[in-house]
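So you can see what is in the structure, the chains are spelled out below.
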Amino acid sequence: MRLMPSCHDVQMELTEYLEGTLPLRRRLGIWLHLRLCRVCAGVLRGLRALPLLARQLLGPAEPVPDAALRALARMQQKQSD
Ligand SMILES: [Zn+2]
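Residues numbered from 1 in each chain as written. Predicted model: local features only at pLDDT ≥ 70, side-chain atom pairs only at ≥ 80, totals over all residues.

## Re the overall build of the chain
Right, on to step 1. Looking only at helices and strands, the chain has five helices and zero strands in total.
Right, on to step 2. Beginning at the N terminus, the succession of helices and strands in the chain can be written as α-α-α-α-α.
Right, on to step 3. Per-residue burial for the chain yields a buried fraction of 9% across its 81 residues.
Right, on to step 4. Put simply, 60% of the contacts in the chain that link residues at least 6 apart link residues at least 24 apart. (Helix = DSSP H or I, 4+ residues; strand = E, 2+ residues; numbered from the N terminus. Buried ≥ 20, exposed ≤ 12 C-beta atoms within 10 Å, placed from the backbone. Contact = placed C-beta atoms within 7 Å.)

## Looking at the nonpolar core
Right, on to step 1. Judged by nonpolar contacts, Val10, Leu14, Tyr17, Ile30 and Cys40 together constitute the single largest core of five residues.
Right, on to step 2. Considering each element in turn, this core owes the most residues, three residues, to helix H1 (residues 7–19). (Core = buried A, V, L, I, M, F, W, Y, C linked by C-beta atoms within 7 Å.)

## As for H1
Right, on to step 1. The first and last C-alpha atoms of H1 sit 19 Å apart over 13 residues, in line with the 18 Å expected at 1.5 Å per residue.
Right, on to step 2. When the local axis directions of H1 are compared, the greatest deviation, roughly 55 degrees, occurs at Glu13.
Right, on to step 3. Among the residues of H1, those classed as buried are Val10, Leu14 and Tyr17.
Right, on to step 4. Next to the buried residues of H1 lie helix H2 (24–36) and helix H3 (38–49).
Right, on to step 5. Trailing H1 by a residue or two, Gly20 shows a phi angle of about 75 degrees, which is positive. (Expected span 1.5 Å × (residues − 1). Bend = angle between axes of the 7 residues up to and from the residue.)

Dropping the structure here:
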């Protein structure tokens, strides 16, 4: 069994990797490769930097601090009622 995929394999499957559609063993191999290979990690960063793709692949953006603070304030208000 070949756990660690080649650079070519990794780059061919990066989109699926981001989408989370690969089998677990495959994802593990790519995950490991990305931590050891700066070339493929750079390709991954490039893919993630594409705004439209990033939105499609990575889901909603992290909450902005303001919204989080307002939510926290609402929660505290509810508790004090
Ligand atoms: Zn590589």
